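# Summary of the model geometry
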Amino acid sequence: MDTWVWIVIAVIAAVVVLGVFWGATRTRRTRSLQDRFGREYDRTVDKAGGRREAERELRDREKRHDELELRPLPQEARERYLQQWQATQTRFVDDPKGAVSQADSLVQRVMKDRGYPVDDFERRAADISVEHPDLVEKYRTADGIARASERGEASTEDLRHSVRHYRALFVELLEIGQDGVEDVDDVSSRDAEPSNARRDRVEPR
């Protein structure tokens, strides 16, 4: 067999091997992004209009996140924020709209203290999606309800859901357990009790 034939065969074989290697690498890369971002991966694909563009966007998010200088909050800051959150949830009983606005502001302040950029919502959501992909959709929902509330288009139940979603992200940013922060439903139930019933519950005879 002529030498040039062997050369052609070798080139074709190399192309095939490179193609298989490239395909396997892309598959691993895709699987890694899917595992990391979960439902956020599918959402980004739908929004970007294609897998390649979406994966580029998600890799850019990872790169930006890695460049952030995130820091844990000192204990005194955690305690201060917890007190502010309790006040926010208590406010919900008489002023649901104001409580949602306050919850939004409180989450942003915690993010800023942790080292996140906070000037743009989409950037905040993108950064959150890297470390907390299971919470970013709740954050978007909470923000959407807050914007609807500003237009007078959110019901009290919508606002309750918004506070719950903000709370889920809040406790993760503070790096405390979910049990460490009272839920808005607990606050509403407690404050709805007659004063004598609360007194009897706290001070049994």
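Residues numbered from 1 in each chain as written. Predicted model: local features only at pLDDT ≥ 70, side-chain atom pairs only at ≥ 80, totals over all residues. Heavy atoms only, no water.

## Comments concerning the overall build of the protein
Which entries qualify depends on this criterion: Helix and strand labels come from DSSP, where a helix needs a run of H or I of at least four residues and a strand needs a run of E of at least two; each type is numbered from the N terminus. Only protein chains enter the accessibility calculation, which uses a 1.4 Å probe; a residue is then buried when its area is under 20% of its type maximum, exposed when over 50%, and partly exposed in between. Contact definition: two residues touch when any of their heavy atoms are within 4.5 Å.
For the protein, the helix and strand inventory stands at ten helices and zero strands. Starting at the N terminus and ending at the C terminus, the protein contains elements arranged as α-α-α-α-α-α-α-α-α-α. Expressed as a percentage of the 205 residues in the protein, the buried residues total 36%. In the protein, once contacts between residues fewer than 6 apart in sequence are set aside, the share between residues at least 24 apart is 61%.

## Focus on the environment of E137
Tracing the sequence through the fold places E137 in helix α7 (residues 136-150). Along the primary structure E137 and A125 are separated by twelve residues, whereas in three dimensions their C-alpha atoms are 8.5 Å apart.

## Some remarks on helix α3 (residues 51-67)
For clarity, the cut-off: Helices are assigned an expected span. That span is 1.5 Å times one less than the residue count. As used here, the arc belongs to the directions running from the helix axis to the C-beta atoms.
The end-to-end C-alpha separation of α3 is 24 Å, in line with the 24 Å expected for 17 residues at 1.5 Å each. Listed in full, the buried residues belonging to α3 are A54, E55, L58, R61, E62 and H65. One side of α3 holds all its buried residues, which, seen down the axis, span an arc of 115°. Within α3, the exposed residues directed more than 90 degrees away from the buried face are R52, K63 and E67.

## Here's the deal with the packing of α3 against helix α6 (residues 121-131)
For any two helices packed against each other, the geometry is given by the interaxial angle and the distance between the axes. Put simply, the test is: Between N-to-C directions, angles span 0 to 180 degrees; the directions come from axes that are lines fitted to C-alpha atoms, helices contributing only their stretch in contact. Every angle not falling under 35 degrees, over 145, or within 65 to 115 is termed oblique; those three ranges are roughly parallel, roughly antiparallel and roughly perpendicular. Throughout, the ten residues Ala, Val, Leu, Ile, Met, Phe, Trp, Tyr, Cys and Pro are labelled nonpolar, Asp, Glu, Lys and Arg are labelled charged, and all others, Gly among them, are labelled polar.
Look at α3 against α6: their axes get within 9 Å of each other, and the N-to-C directions meet at 85°. Classified by the interaxial angle, the pair formed by α3 and α6 is roughly perpendicular. In contact with R61, E62, R64 and H65 of α3, α6 contributes R123, A126, D127, S129, V130 and E131. Per-class residue counts for the contact of α3 with α6 are two nonpolar, two polar and six charged.

## Looking at the packing of α6 against α7
Defined as follows: Left-handed describes a crossing whose near helix is turned anticlockwise from the far helix by less than a right angle; the clockwise case is right-handed.
Across the interface, α6 lies against α7 with an axial gap of 9 Å and an inter-helix angle of 155°. One finds that α6 runs roughly antiparallel with respect to α7. Read as a crossing pair, α6 and α7 show a hand that is right-handed. The residues of α7 that touch α6, namely those facing F121, R124, A125, I128 and S129, are V136, Y139, R140 and D143. Looking at side-chain class alone, the contact of α6 with α7 contains five nonpolar, one polar and three charged residues.

## Section: unusual backbone geometry
Residues other than glycine seldom take positive phi values, yet E175 does so here, at roughly 60°. If you trace the backbone, E175 turns up in the loop between α8 (156-174) and α9 (184-192). Judged by its relative accessible area of 44%, E175 is partly exposed.

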